[in-house]
Amino acid sequence: MTKAKSAGPEYRVAKEGDATFDQMTEFVEAYRATMAERISATDPNDMSVAMVAAMIFAGTLAGSLISIGLFRDQDKRRLLKTMEHNFREGIGVGQRRAHRIAAEQFGEGQA
């Protein structure tokens, strides 16, 4: 894992193969499995609600860390930039996953 440039709390960029990366992947897959039981993967409204819920949950975790003194209120801007970066990364992961599934189900030329 490599250090990201920052002041204040230490942030790290997890790379594939790192224990932190594996833990994040496990959490994402657990969330995906939980949501798959509750929403339609083809309903834009369901998908939007799931995305908002995930962001609110992330915010509640950050709020707890601020409240117990592990992050400062001044760290919010950096936390939001980190969330923006990770959201963009997630979009790419989602697109690659959807293409892979389509290729598996419909053949390589159809994806």
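Residues numbered from 1 in each chain as written. Predicted model: local features only at pLDDT ≥ 70, side-chain atom pairs only at ≥ 80, totals over all residues. Heavy atoms only, no water.

Caption draft 1: Expanded view of the overall build of the protein. Tallying secondary structure elements over the protein gives three helices and two strands in all. When its helices and strands are written in sequence order, the protein yields β-β-α-α-α. Here the protein, with 111 residues, has 11% of them falling under the buried criterion. In the protein, of all internal contacts separated by at least 6 residues, the share reaching a separation of at least 24 is 33%. Surface exposure of the protein reaches about 8900 Å², of which carbon and sulfur atoms provide 59%. (Helix = DSSP H or I, 4+ residues; strand = E, 2+ residues; numbered from the N terminus. Buried < 20%, exposed > 50% of the residue type's maximum accessible area, 1.4 Å probe, protein only. Contact = heavy atoms within 4.5 Å. Areas by Shrake-Rupley, 256 points an atom, 1.4 Å probe, with all protein chains shown as cover.)

Caption draft 2: Quick peek at a nonpolar patch on the surface. A cluster of nonpolar side chains, contributed by M51, V52, M55, I56, L80, M83, F87 and I91, occupies part of the molecular surface with about 720 Å² of accessible area. Among the elements of the structure, α2 (44-67) and α3 (76-106) are those that each provide at least two residues to the nonpolar patch. (Patch = residues over 30% accessible without salt bridge, like charges linked within 9 Å, V, L, I, M, F, W, Y side chains within 5 Å. Salt bridge = Lys/Arg side-chain N within 4 Å of Asp/Glu carboxyl O.)

Caption draft 3: Structural view of the side chain of D75. Mapped onto the secondary structure, D75 falls in the loop between α2 and α3. A polar atom in the side chain of D75 sits 3.1 Å from the side chain of R78. (Polar contact = N/O pair within 3.5 Å; in protein donor to acceptor, adjacent residues only side chain to side chain.)

Caption draft 4: Up close: the confidence of the model for the protein. When the pLDDT values of the protein are averaged, the result is 85; 86% of them are 70 or greater. Averaged over each element, pLDDT in the protein is lowest for strand β1 (residues 2-3) (47) and highest for α2 (93). Note that pLDDT drops below 50 for residues 1-8; the model gives that stretch 19 contacts with residues more than four away or on any other chain. (pLDDT = per-residue confidence, 0-100.)

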